[in-house]
Amino acid sequence: MDESARLAALHEYGLLDAPADEELAAVVRVAAVLADVPTATLNLFDANRQCQLTTVGFDGGDSPRVEAMCDVVISTGQAVNLEDARRDTRFATNPWVTGVRADVRFYASVPLITPDGHVLGTLCAFDDRPKVLSEERLARLEDLSKVVLALFERRRQARVTAELAVAAEVARALAEDYAGELEARQELTEAVHESIDVAIVACDENGKLTVFNRAAREWHGLDADAGLDAAEWAGRYSLCAPDGVTPLAPADIPLFQALRHGPVRDVEIVISPVGRAPVRVVCAGRALRRADGAPLGAVITMADVTLERAQRQELADRERLLSTVLDTAQDAFVVTDPGGRITTWNPAAIGMFGWTADEAVGRPLEELVFPVRRGDGLLARAANGRTRIVRTPARRRDGTTLLVELSLAPFTWQGEQRCHAFLRDVTEREAARERLAMANSELAAANDELDRFTAMVAHDLKSPLTAISAYAEVFADMDARTPGEMTALAAITRSAGRMTAMIDDLLAHARACHEPLKLQSVNLDTVVDDLAAELRASGRPGRVTHDHLPAVPAHPTLLRQVMANVLGNAVKYVAPGVDPRVHVTAESAGGWVTVRTTDNGIGIGDEARDKVFALFHREHAADYQGTGIGLSTCRRVVERHGGRIWIEPAPAGGTTVCFTIPAQSHTAPPPRAGGSGFEPVHRQG
């Protein structure tokens, strides 16, 4: 490697002993994140020293080149990737490894190679702990080194461009003395002016505008007007103060300052022409003089920082928004430094614990808020990833305690490990949960007692009714009963039967509410066929048919009870002289099975379709017997399975009773379908 050529290339870029810009610092931060290490640096090497241009995680500086680990990369031009530098003979005794300068263990360094093959320096990431960096990530570090070289080149080209621009303006001012040279320089000057995205404005020694390049014309919407005095510049070219509203006074215009008072640096103004978007620019410039010191005029350059300032403003707005959110949050929000001391304490924390922000900031969070705990502290456990959300007792300023839900998360701020936490007072919520658990326990005990009471009442009521029916039957079989006596006995028997049916329905309703819901696969085909056979065996008229019906996960007895009530009502509620016809269908969609039972009965009016599911409600009570319990029981059973039940008008008259059962797991039931599109496909049952 030609060291002299390398040093010449290094000095050509003009980087040594010059501060790094934010873009280079950003690349080094990305390198640290990419390597997942806290420390990284951008190094440049001259003949005798290593210059750390910008660093992350430590303060950089200059050091002798002979001590630099990266000198190996400079010499070879090859990347280095070491899990533990102590194990490499090239670095084992290096002061950066032995503890003299640092305790480097993991070490990865990639060369900064110019297009001509000169190694100017390195992009280096390291840690005081051993670590394995994948080849893929090393390759990405090498990609970042190319970005660094591109930034170096852009910086060099910007310097060259600025120098060319100044040279071009000087050449234009010396046009009378150097007429032969003017043509070539004029062409170069105009090419530069028209190609760069930096506005250039110049004036002569009398303050008459002479130069407006392409960017200047675009931003102002006008060309240079040599007939204007400096006092007219602000109004004609819409030059405003940084607030974007106040017109600039002539003495504050950067070109005028450069002409009259000397160099101008980092002066911010706003170009705000009517009908155009304002452009925020940063100006730099100086006066132009002949070789003998005579004034030639002045020139300034203007760089567009509109987007950058907008981004800064957006960031500031977001920070204000975050601050507002945290200040108005109902949960306490706390941030701690690496030592666990409070750095942020929002108003909700003040209200929750009683300590003002001035009193809380700087004090250890665990000492201030939490009672003495055994073992590791909460913040230490959070930093180690062992705790994220915990529920723990806390202490107010007045000594009273509360139960808080603590949400912890570690984060890195400026190279330091910190924690932030949200604290929510759950004292009342936990007390309410305990009260609810106690109420549920009491309710379960009451339900058990109700079941026992229901069974006892059913037994005690049904036994006398059975005796009454039996004695009435015996008395009816005795000789010489008068017609009046036979009528009375028949009334007694019917009343006892109705009372027995009501007790049976009440027991079924109670069982539907309280019996444990043990699901099994129930074949609906079999259930409907069995119930249809029972109806035929009882001598009740009518015909029940169905399509192919699926098996569903349900409680066998309770689902059979639902179908028995629905089919029983279908064959009961028909007009006199009408032969009942009942058809059952089922369809699956979205994880649900919808069962529809359609009859040719007397139907149910719109206003009564919800009422019929109420306990003891009987529609057409004067014409048809019943207890008003069956459909209420059906609704309890279906809802316990996670479904719902409703009634639709049948397409050809009559009623369609619909209910849903989850095919696998309980989700939201499908929307209720209309009846106009119902076209059953009949099969004999």
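That block above? That's the structure.
Anyway, here's the lowdown on the structure attached to this text.

What counts, and at which threshold
- Residues numbered from 1 in each chain as written.
- Predicted model: local features only at pLDDT ≥ 70, side-chain atom pairs only at ≥ 80, totals over all residues.
- Heavy atoms only, no water.
- Phe/Tyr/Trp six-rings, centres within 6.5 Å; stacked < 30°, edge-to-face > 60°.
- Helix = DSSP H or I, 4+ residues; strand = E, 2+ residues; numbered from the N terminus.
- Buried < 20%, exposed > 50% of the residue type's maximum accessible area, 1.4 Å probe, protein only.
- Salt bridge = Lys/Arg side-chain N within 4 Å of Asp/Glu carboxyl O.
- Expected span 1.5 Å × (residues − 1).
- Arc of directions from axis to C-beta.
- Contact = heavy atoms within 4.5 Å.

### Details of the packing of aromatic side chains
So, step 1. In this structure the tally under the stated criterion is 6 aromatic pairs.
So, step 2. For the pair Phe333 and Phe422, a centre-to-centre distance of 4.8 Å together with 50° between the ring planes defines the contact as tilted. Taken together, the residues span a long stretch of sequence, with Phe333 in strand β13 (residues 332-336) and Phe422 in strand β17 (residues 416-425) at a distance of 89 residues.
So, step 3. Look at Phe422 and you get partly exposed, because its relative accessible area is 31%.

### Regarding the pattern of salt bridges
So, step 1. A complete count under the given rule lists 45 salt bridges for this structure.
So, step 2. Between Arg396 and Asp425 there is a salt bridge, and its shortest N-O distance comes to 3.8 Å. In this pair, Arg396 is assigned in the loop between β15 (389-395) and β16 (401-413) and Asp425 in strand β17, connecting sequence segments 29 residues apart.
So, step 3. On the accessibility criterion, Arg396 (24% relative accessible area) is partly exposed.
So, step 4. Here Asp425 falls in the partly exposed class, since its relative accessible area comes to 36%.

### Regarding helix α17 (residues 524-537)
So, step 1. Given a rise of 1.5 Å per residue, 14 residues ought to cover 20 Å, and the 20 Å separating the end C-alpha atoms of α17 matches this to within 8%.
So, step 2. Among all positions in α17, only Leu524, Asp525, Val527, Val528, Leu531, Ala532 and Leu535 are buried. Taken around the axis of α17, the buried residues stretch over an arc of 165°, which confines them to a single face. Of the exposed residues in α17, those oriented more than 90 degrees away from the buried face are Arg536 and Ala537.
So, step 3. Its buried side turned inward, α17 meets β18 (520-523), β19 (543-546), β20 (551-554), α18 (556-572), β21 (581-589) and β22 (592-599).

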